[in-house]
Amino acid sequence: MAWKLKYRCSQCGYEAEVYEGRGLFRQEIRAVSCPDCKSIQNIVVGGIIADVAPSYRSEVGRLCLQCGSDNIRLWDGHTCPKCQGEMHQTGEKEFWT
């Protein structure tokens, strides 16, 4: 199953939605952190789209969807990009395909 989970920073209240699992077309949505605009963005990786567009096979060479920075890195699952505080799941989740 694939879920969209909500995370919230316990210090500053920043929120982000993070995807878990694989979608209908075998794609994965990975959360990346951008130190330039201090946000968490979700990028599509793999699946059928990667068969046609090789640049979608990994997060290497991808840009932040918010500011265009090439300085993104995989989000570690707990550090807030805004204040470096601790982010936790809120318990809110939705099924996604």
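In case you missed it, the structure is sitting above this.
Worth saying up front: this structure is predicted, and the values here are computed from it rather than measured.

Right, let's talk about the environment of Glu-86 for a bit. Structurally, Glu-86 can be placed in the loop between β5 (73-74) and β6 (87-95). On the basis of relative accessible area, Glu-86 is assigned to the partly exposed category, the value being 35%. Sequence separation of Glu-86 and Arg-8 is 78 residues, and the distance between their C-alpha atoms is 8.4 Å. The residues contacting Glu-86, other than those within four sequence positions of it, are Arg-8, Cys-9, Ser-10 and His-78.

Strands sit in the order β4-β3-β5 across an open sheet of three strands; the sheet is antiparallel. Since the sheet does not close on itself, it has two edges, and those belong to β4 (39-46) and β5, each with one partner. Across two bridges, strand β3 (residues 27-34) lies against β5 in antiparallel orientation. Looking at β5, one finds that Ser-33 is bridged to Arg-73.

Another point: the pattern of salt bridges. Tallying each qualifying case throughout the model produces six salt bridges. With its nearest N and O atoms 3.6 Å apart, the salt bridge here joins Lys-4 to Glu-17. Highlighted residues: Lys-4 in strand β1 (residues 3-9) and Glu-17 in strand β2 (residues 15-20), separated in sequence by 13 residues. Classification of Lys-4 as buried rests on a relative accessible area of 17%. Assessed through its relative accessible area of 34%, Glu-17 is described here as partly exposed. Residue Glu-94 pairs with Lys-4 through a salt bridge whose shortest N-O separation is 3.8 Å. Here Glu-94, found in strand β6, pairs with Lys-4, found in strand β1; they are 90 residues apart in sequence, far enough to count as distant. On the basis of relative accessible area, Glu-94 is assigned to the partly exposed category, the value being 45%. A network of salt bridges, in which partner residues are shared, links Lys-6, Arg-8, Glu-15 and Glu-92.

Rules used in this analysis
- Residues numbered from 1 in each chain as written.
- Predicted model: local features only at pLDDT ≥ 70, side-chain atom pairs only at ≥ 80, totals over all residues.
- Heavy atoms only, no water.
- Helix = DSSP H or I, 4+ residues; strand = E, 2+ residues; numbered from the N terminus.
- Buried < 20%, exposed > 50% of the residue type's maximum accessible area, 1.4 Å probe, protein only.
- Contact = heavy atoms within 4.5 Å.
- Pairing = 2+ DSSP bridges.
- Salt bridge = Lys/Arg side-chain N within 4 Å of Asp/Glu carboxyl O.

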